[in-house]
Amino acid sequence: MKREQLMVAAIENGTVIDHIPSNRLFEVIRLLHIEELDHDTVFIGFNLKSEAMGLKSLIKISNRYFSEEELNHLAVVAPNVTLCIIKDYEVIEKRCVELPTELRNIIHCNNPKCICNNEPMPTRFVVSGHTVKCFYCEKEQQLANVKLVHSLHPEN
Ligand SMILES: [Zn+2]
(Lines give C-alpha, C1' and ligand atoms only; values in the text may rest on other atoms or scores of the structure.)
Protein backbone atom coordinates (compact mmCIF):
# COMPACT_ATOMS: atom_id res chain seq x y z
CA MET A 1 0.00 0.00 0.00
CA LYS A 2 1.22 3.46 -0.85
CA ARG A 3 2.34 5.67 1.98
CA GLU A 4 -0.15 8.43 1.17
CA GLN A 5 -3.02 5.96 1.63
CA LEU A 6 -1.72 4.97 5.02
CA MET A 7 -2.20 8.52 6.22
CA VAL A 8 -5.90 7.74 6.41
CA ALA A 9 -7.05 4.76 8.48
CA ALA A 10 -7.78 1.49 6.66
CA ILE A 11 -11.37 0.34 6.61
CA GLU A 12 -12.57 -3.25 6.92
CA ASN A 13 -15.55 -2.91 4.58
CA GLY A 14 -16.83 -0.04 2.52
CA THR A 15 -15.99 2.33 -0.29
CA VAL A 16 -12.87 4.37 -0.97
CA ILE A 17 -13.05 7.30 -3.37
CA ASP A 18 -9.52 8.25 -4.32
CA HIS A 19 -7.80 10.83 -6.53
CA ILE A 20 -10.32 13.56 -5.83
CA PRO A 21 -8.98 16.99 -6.83
CA SER A 22 -8.76 18.82 -3.48
CA ASN A 23 -10.77 21.77 -4.76
CA ARG A 24 -13.63 19.38 -5.54
CA LEU A 25 -13.64 17.45 -2.28
CA PHE A 26 -16.56 19.28 -0.72
CA GLU A 27 -18.69 18.88 -3.84
CA VAL A 28 -17.99 15.16 -3.81
CA ILE A 29 -19.03 15.03 -0.15
CA ARG A 30 -22.25 16.77 -1.08
CA LEU A 31 -23.00 14.54 -4.06
CA LEU A 32 -22.63 11.47 -1.88
CA HIS A 33 -24.80 12.93 0.91
CA ILE A 34 -22.11 12.09 3.41
CA GLU A 35 -23.59 14.55 5.89
CA GLU A 36 -26.66 12.30 6.06
CA LEU A 37 -24.78 9.15 7.06
CA ASP A 38 -25.54 8.84 10.74
CA HIS A 39 -23.92 5.51 11.59
CA ASP A 40 -21.11 4.89 9.16
CA THR A 41 -17.61 6.12 9.93
CA VAL A 42 -16.10 8.39 7.29
CA PHE A 43 -12.42 9.27 6.97
CA ILE A 44 -11.52 12.23 4.85
CA GLY A 45 -7.99 12.96 3.69
CA PHE A 46 -7.61 16.49 2.39
CA ASN A 47 -4.54 17.71 0.48
CA LEU A 48 -2.63 14.45 0.60
CA LYS A 49 0.54 14.32 -1.43
CA SER A 50 0.15 12.44 -4.70
CA GLU A 51 2.83 11.76 -7.28
CA ALA A 52 0.34 11.95 -10.13
CA MET A 53 -1.71 14.90 -8.96
CA GLY A 54 0.46 16.97 -6.64
CA LEU A 55 -2.22 17.20 -4.00
CA LYS A 56 -5.31 15.07 -3.87
CA SER A 57 -8.08 14.19 -1.50
CA LEU A 58 -9.75 10.92 -0.66
CA ILE A 59 -12.78 9.68 1.23
CA LYS A 60 -13.19 6.32 2.97
CA ILE A 61 -16.68 5.34 4.02
CA SER A 62 -17.06 2.32 6.28
CA ASN A 63 -19.80 -0.23 5.69
CA ARG A 64 -21.25 1.69 2.82
CA TYR A 65 -21.63 0.74 -0.82
CA PHE A 66 -23.12 3.11 -3.34
CA SER A 67 -25.06 2.41 -6.51
CA GLU A 68 -23.27 2.80 -9.80
CA GLU A 69 -25.57 5.71 -10.57
CA GLU A 70 -24.67 7.57 -7.36
CA LEU A 71 -20.98 7.05 -8.02
CA ASN A 72 -21.16 8.04 -11.67
CA HIS A 73 -22.58 11.42 -10.65
CA LEU A 74 -19.16 12.11 -9.18
CA ALA A 75 -17.78 12.31 -12.72
CA VAL A 76 -19.49 15.69 -13.03
CA VAL A 77 -17.11 17.27 -10.55
CA ALA A 78 -14.27 14.75 -10.44
CA PRO A 79 -13.98 12.78 -13.71
CA ASN A 80 -10.77 11.00 -12.75
CA VAL A 81 -11.63 9.62 -9.34
CA THR A 82 -10.91 5.98 -8.59
CA LEU A 83 -13.41 3.87 -6.69
CA CYS A 84 -12.35 0.94 -4.57
CA ILE A 85 -14.76 -1.47 -2.97
CA ILE A 86 -13.27 -2.93 0.21
CA LYS A 87 -14.22 -6.21 1.85
CA ASP A 88 -12.24 -7.64 4.77
CA TYR A 89 -9.56 -4.98 4.24
CA GLU A 90 -9.02 -6.14 0.63
CA VAL A 91 -9.80 -4.18 -2.53
CA ILE A 92 -12.25 -6.48 -4.32
CA GLU A 93 -13.16 -4.06 -7.08
CA LYS A 94 -11.48 -0.98 -8.50
CA ARG A 95 -12.88 1.18 -11.25
CA CYS A 96 -13.19 4.69 -12.63
CA VAL A 97 -16.37 6.71 -12.75
CA GLU A 98 -18.21 7.15 -16.03
CA LEU A 99 -20.10 10.26 -16.89
CA PRO A 100 -23.82 9.49 -17.26
CA THR A 101 -25.55 10.57 -20.49
CA GLU A 102 -28.24 12.36 -18.54
CA LEU A 103 -28.06 14.25 -15.25
CA ARG A 104 -31.19 14.68 -13.18
CA ASN A 105 -31.10 17.25 -10.42
CA ILE A 106 -27.34 17.32 -10.14
CA ILE A 107 -26.37 20.59 -11.78
CA HIS A 108 -27.85 24.05 -11.91
CA CYS A 109 -29.06 25.72 -15.14
CA ASN A 110 -27.31 29.07 -15.53
CA ASN A 111 -30.20 30.57 -17.47
CA PRO A 112 -32.18 32.56 -14.89
CA LYS A 113 -35.27 32.44 -17.12
CA CYS A 114 -35.23 28.66 -17.40
CA ILE A 115 -38.37 27.01 -16.08
CA CYS A 116 -36.26 24.83 -13.79
CA ASN A 117 -35.07 27.95 -11.97
CA ASN A 118 -38.58 29.26 -11.55
CA GLU A 119 -40.57 26.19 -10.65
CA PRO A 120 -39.88 23.68 -7.88
CA MET A 121 -38.69 20.93 -10.20
CA PRO A 122 -35.56 18.86 -10.70
CA THR A 123 -33.09 20.04 -13.31
CA ARG A 124 -32.37 17.81 -16.27
CA PHE A 125 -29.32 17.89 -18.55
CA VAL A 126 -28.15 15.91 -21.53
CA VAL A 127 -24.41 15.26 -21.54
CA SER A 128 -22.39 15.23 -24.73
CA GLY A 129 -18.62 15.20 -24.49
CA HIS A 130 -17.53 18.10 -22.28
CA THR A 131 -20.77 19.98 -22.82
CA VAL A 132 -24.10 19.69 -21.03
CA LYS A 133 -27.37 20.97 -22.45
CA CYS A 134 -30.43 21.87 -20.41
CA PHE A 135 -33.35 19.67 -21.40
CA TYR A 136 -35.79 22.55 -20.84
CA CYS A 137 -34.19 25.71 -22.23
CA GLU A 138 -31.44 24.04 -24.32
CA LYS A 139 -28.77 26.35 -22.93
CA GLU A 140 -25.36 24.71 -23.10
CA GLN A 141 -22.63 24.85 -20.48
CA GLN A 142 -19.11 23.51 -20.30
CA LEU A 143 -18.96 20.65 -17.85
CA ALA A 144 -15.87 22.15 -16.22
CA ASN A 145 -17.86 25.23 -15.15
CA VAL A 146 -21.10 23.75 -13.90
CA LYS A 147 -22.51 24.49 -10.47
CA LEU A 148 -24.31 21.88 -8.45
CA VAL A 149 -27.95 22.42 -7.59
CA HIS A 150 -28.45 24.19 -4.26
CA SER A 151 -30.58 21.45 -2.86
CA LEU A 152 -30.30 17.89 -4.01
CA HIS A 153 -33.73 17.24 -2.54
CA PRO A 154 -36.26 19.51 -4.24
CA GLU A 155 -39.05 18.12 -2.08
CA ASN A 156 -37.48 19.66 1.05
ZN1 LIG B 1 -32.35 25.56 -18.50
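Caption draft 1: Layout of the overall build of the protein chain. In terms of helices and strands, the protein chain carries three helices and nine strands. When the elements of the protein chain are put in sequence order from the N terminus, they spell out α-β-α-β-β-α-β-β-β-β-β-β. Dimensions along the principal axes, computed over C-alpha positions, put the protein chain at roughly 50 × 35 × 25 Å. Counting the 156 residues in the protein chain, one finds 44% classified as buried. Taking the intrachain contacts of the protein chain between residues at least 6 apart in sequence as the baseline, contacts between residues at least 24 apart amount to 59%. Split by element, the accessible area of the protein chain, about 9,200 Å² in all, is 49% carbon and sulfur. Taken together, the 17 basic and 21 acidic charged side chains of the protein chain have centroids lying 7 Å from each other.

Caption draft 2: Fine view of the pairing of strand β7 (residues 124–128). Sheet topology places strand β6 (residues 102–104) next to β7; three bridges connect them, and they run antiparallel. Looking across to β7, one finds that Glu 102 is bridged to Val 126. Relative to strand β8 (residues 131–134), β7 runs antiparallel, the two being bridged by four bridges. Looking at the pairing, Val 126 lines up with Lys 133 of β8. The loop that links β7 with its antiparallel partner β8 comprises two residues; one of these, Gly 129, has a positive phi angle of about 60°.

Caption draft 3: A look at unusual backbone geometry. Positive phi, normally seen in glycine, also occurs at His 19, with a value near 60°. Along the chain, the position of His 19 falls in strand β1 (residues 14–21). A positive phi angle, near 60°, is found at Asn 105, a position not held by glycine. Relative to the helices and strands, Asn 105 resides in the loop between β6 and β7. With a relative accessible area of 10%, Asn 105 lands in the buried category.

Caption draft 4: Spatial organisation of the pattern of salt bridges. In total, this model carries six salt bridges according to the counting rule given. Among the ionic pairs, Glu 93 bridges to Arg 95, the shortest N-O distance being 3.8 Å. For the salt bridge of Glu 102 with Arg 124, the shortest nitrogen-to-oxygen distance reads 3.2 Å. Of this pair, Glu 102 sits in strand β6 while Arg 124 sits in strand β7, placing them 22 residues apart in sequence.

Caption draft 5: Molecular detail of the sheet that holds strand β9 (residues 140–142). Pairing is antiparallel across the open sheet formed by four strands, whose spatial order is β6-β7-β8-β9. If you trace the sheet from one side to the other, it starts and ends with β6 and β9, each paired once. On average, each strand axis in the sheet is tilted by 30° relative to the strand beside it, whichever way the strands run. Looking at chain direction, β8 and β9 are connected through three bridges and run antiparallel.

Calculation rules
Residues numbered from 1 in each chain as written. Predicted model: local features only at pLDDT ≥ 70, side-chain atom pairs only at ≥ 80, totals over all residues. Heavy atoms only, no water. Helix = DSSP H or I, 4+ residues; strand = E, 2+ residues; numbered from the N terminus. Buried < 20%, exposed > 50% of the residue type's maximum accessible area, 1.4 Å probe, protein only. Contact = heavy atoms within 4.5 Å. Areas by Shrake-Rupley, 256 points an atom, 1.4 Å probe, with all protein chains shown as cover. Lys, Arg positive; Asp, Glu negative; His and termini not counted. Charge placed at Lys NZ, Arg CZ, Asp CG, Glu CD. Pairing = 2+ DSSP bridges. Salt bridge = Lys/Arg side-chain N within 4 Å of Asp/Glu carboxyl O. Axes fitted to C-alpha atoms, helices over the stretch in contact; angles between N-to-C directions.

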